[in-house]
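Residue strings, one per chain:
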Amino acid sequence: MKVISDPNQPTLVDRSLAAVWHPCTQMKHHESMPLVAITKGKGPWLYDEQGMALLDCISSWWTNLFGHSNPRINGAITEQLEKIEHVMLAGFTHPPVVALSEKLCALTKRNLGHVFFASDGASAVEIALKMSHHYWQLSGKPNKKKFVCLENGYHGETLGALAVTDVAIFRDAYGALLQDVFTTRSPDARKAKPGQSSEDVAKEAAAELAELFEKEHHNIAAIIVEPLVQCAGQMAMHSPEYLRLVRNLCNSYEIHLIADEIAVGCGRSGKFFACEHADIWPDFLTLSKGISGGYLPLSLCMTTEKIYQAFYSDQTQQGFLHSHSYTGNPLACAAALACLEIFQTEQVLEKNIDRAKDLANAFAWARTDSRIEHWRQQGMIIAFDVKNSALKNPKSFPREMFAKCLEEGVLIRPIGNTVYVMPPYILTADESAQMGLSIARALDKVLV
Ligand SMILES: *Cc1c(COP(=O)(O)O)cnc(C)c1O
């Protein structure tokens, strides 16, 4: 534990380190790594007690779409607060959950016409896995119970979601607790050999998947993928061709396709759903993170009429009996509805085309920097990798880079040697440019 500088007057940071066990953190690292106490936010800016401003380049863990303290979202939550803050969703319903479900279904052109709600992303993944598993039991194919996931994929950290996650730092300590899954090759475009395109890599990965399906389809319930970008897996991007090929294979072998759009959904990829880039619909689609604009925990799993109907019966146990206490919370749904309204009335997806160009311009320097490789972009995500030869200490690079960026007034969290930004959809061209320059300066200080 950090030594408190003046025991009579501990700072907010001192008190936090004494009482709060922070997520995804080796707490001892805070002996040298800064912990930032945020007391205010406005637009893309976060402020600490002393008023120091930080540009939130990663949307507070990919959740914030329209800035902190957004007047329209604030207003929607406040208005809902005066009506009903929460009511259970079993046996009851309420206006925000109905309107939100209708709007989301319409966005899929009713290909996914049923929405099941939860609170965090991992729970939405659990729901998709359980629904798929249960569907095959109900359909007289109880052997179809194994899941296929992608190398380097991430789907959350509860035990079911972690089983289909292939990121060592999250998984290693808990391997003994996890169900057995098939892990198939990632279509990560960085693997392209000289002369190969990202489509070629996608085809090779899909060919390997086809072999697995051919051999094991009797035992496989579903494959889960993060469409276009494996975000926690160092922002590994792939061609939409992969999604088309996987959709076809799933059709041929009677295997569900789960599209985990928790990070890439809600416009992040350039379209509202990343699957739209490939012109396909999955059997299950999960959303969380951006859906409430980064305001309140809300997640959901959408599915098809066919799957919904398999559960529709006089038998109680044939229903999907899963639940969470805060399922479909009205305040969170009101925030999500406000976000969908902003998308519509402010032509967000159209304007993001220019915002994505601003981002590309802001990081143009990195495309030709000899210390950097694999510059890549998908919509409102830009990422690049620092070459090993430029790293002083690969293990501590993410923390050093984070700390140097704080000094420059920008919040980023590199993953391994990957630097990325994933800002809210509100940056001005000037703010984007400032972000690019600040990160370039910080990088100069950290690299050899
Ligand atoms: C963040 C994330 C999750 C897990 O969401 P939590 O709310 O953190 O549980 C699942 N899948 C993907 C693709 C994610 O990026």
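The shown structure was predicted, so the numbers you read here are calculated from the model rather than taken from an experiment.

Colleague: How should the overall build of the protein be read in this particular structure?
Modeller: For the protein, the helix and strand inventory stands at 15 helices and 16 strands. Whereas a compact globule of 448 residues would reach a radius of gyration of roughly 22 Å, the protein reaches 22 Å, a difference of no more than 12%. Along the three orthogonal principal directions, the C-alpha set of the protein runs to about 65 × 60 × 45 Å. Counting across all 448 residues of the protein, residues that qualify as buried make up 54%. A separation threshold of at least 6 residues defines the contact pool for the protein, and within that pool the share at least 24 residues apart is 70%. As displayed, the protein has an accessible area near 20100 Å², and 53% of this comes from carbon and sulfur atoms. Of note, the protein has its 42 positive side-chain charges centred 2 Å away from the centre of its 49 negative side-chain charges.

Colleague: Mind showing me how you'd approach the pairing of strand E3 (residues 53-56) here?
Modeller: Where a strand is regular, its side chains alternate between the two sheet faces. Sheet topology note: the strand E2 (residues 45-48)/E3 ladder contains three bridges and is antiparallel. Within E3, the position partnered with Leu46 by the bridge is Leu54. Hairpin connection between E2 and E3: a loop of four residues separates the two successive antiparallel strands, and Gly51 in this loop has a positive phi of roughly 90°. With two bridges joining them, E3 and strand E15 (residues 410-411) adopt parallel strand pairing. The residue bridging Asp56 from the neighbouring strand is Leu411, located in E15.

Colleague: Any chance you could explain the domain arrangement of the protein here in plain terms?
Modeller: Quoted interface sizes are often the accessible area lost when the parts come together. Partitioning the protein into structural domains gives domain 1 (36-69 + 347-446) and domain 2 (74-345). Each of domain 1 and domain 2 has a C-alpha centre, and the two are 27 Å apart. On the side of domain 2, 30 residues touch domain 1, which itself brings 32 residues to the contact. Across the interface of domain 1 and domain 2, roughly 2500 Å² is buried in total on both sides, 61% from carbon and sulfur atoms. Considering only the side of domain 1, the residues that lose the most area to domain 2 are Trp62, Leu349 and Gln378, jointly responsible for 25% of the buried surface there. For the pair domain 1 and domain 2, the number of links is one salt bridge. Residues Asp385 and Arg190 are paired through a salt bridge, measuring 2.9 Å at the closest nitrogen-oxygen approach.

Colleague: Is there a simple way to explain the environment of Asp120 in this structure?
Modeller: Residue position: Asp120 is located in the loop between strand E4 (114-118) and helix H5 (121-138). Residue classification places Asp120 among the partly exposed residues on the basis of a relative accessible area of 39%. Separated by 36 residues in sequence, Asp120 and Gly156 have C-alpha atoms that sit 9.1 Å apart. Discounting chain neighbours no more than four positions away, the residues touching Asp120 are Ser288 and Ser299.

Colleague: It is not clear to me how the sheet that holds strand E7 (residues 220-225) should be interpreted in this structure. Could you clarify?
Modeller: Hydrogen bonds along the backbone pair up the strands of a sheet, which may run parallel or antiparallel. One open sheet accounts for seven strands, arranged E4-E12-E11-E10-E7-E5-E6; its pairing is mixed. Single-partner strands in this sheet number two, and they are E4 and strand E6 (182-184). For this sheet, the mean inter-axis angle between neighbouring strands, taken without regard to orientation, is 20°. Relative to E6, strand E5 (residues 146-150) is paired through three bridges, and the arrangement is parallel. Within the sheet, the bridge partner assigned to Val148 lies in E6 and is Phe182. Against the sheet, helix H4 (residues 95-107) engages E4, strand E11 (284-287) and strand E12 (299-303), with an angle of about 125° to E4.

What counts and how
Residues numbered from 1 in each chain as written. Predicted model: local features only at pLDDT ≥ 70, side-chain atom pairs only at ≥ 80, totals over all residues. Heavy atoms only, no water. Helix = DSSP H or I, 4+ residues; strand = E, 2+ residues; numbered from the N terminus. Rg over C-alpha atoms; globule rule 2.2 N^0.38 Å. Buried < 20%, exposed > 50% of the residue type's maximum accessible area, 1.4 Å probe, protein only. Contact = heavy atoms within 4.5 Å. Areas by Shrake-Rupley, 256 points an atom, 1.4 Å probe, with all protein chains shown as cover. Lys, Arg positive; Asp, Glu negative; His and termini not counted. Charge placed at Lys NZ, Arg CZ, Asp CG, Glu CD. Pairing = 2+ DSSP bridges. Domains from an automatic or database assignment. Buried area = accessible area lost by both parts, 1.4 Å probe. Salt bridge = Lys/Arg side-chain N within 4 Å of Asp/Glu carboxyl O. Axes fitted to C-alpha atoms, helices over the stretch in contact; angles between N-to-C directions.

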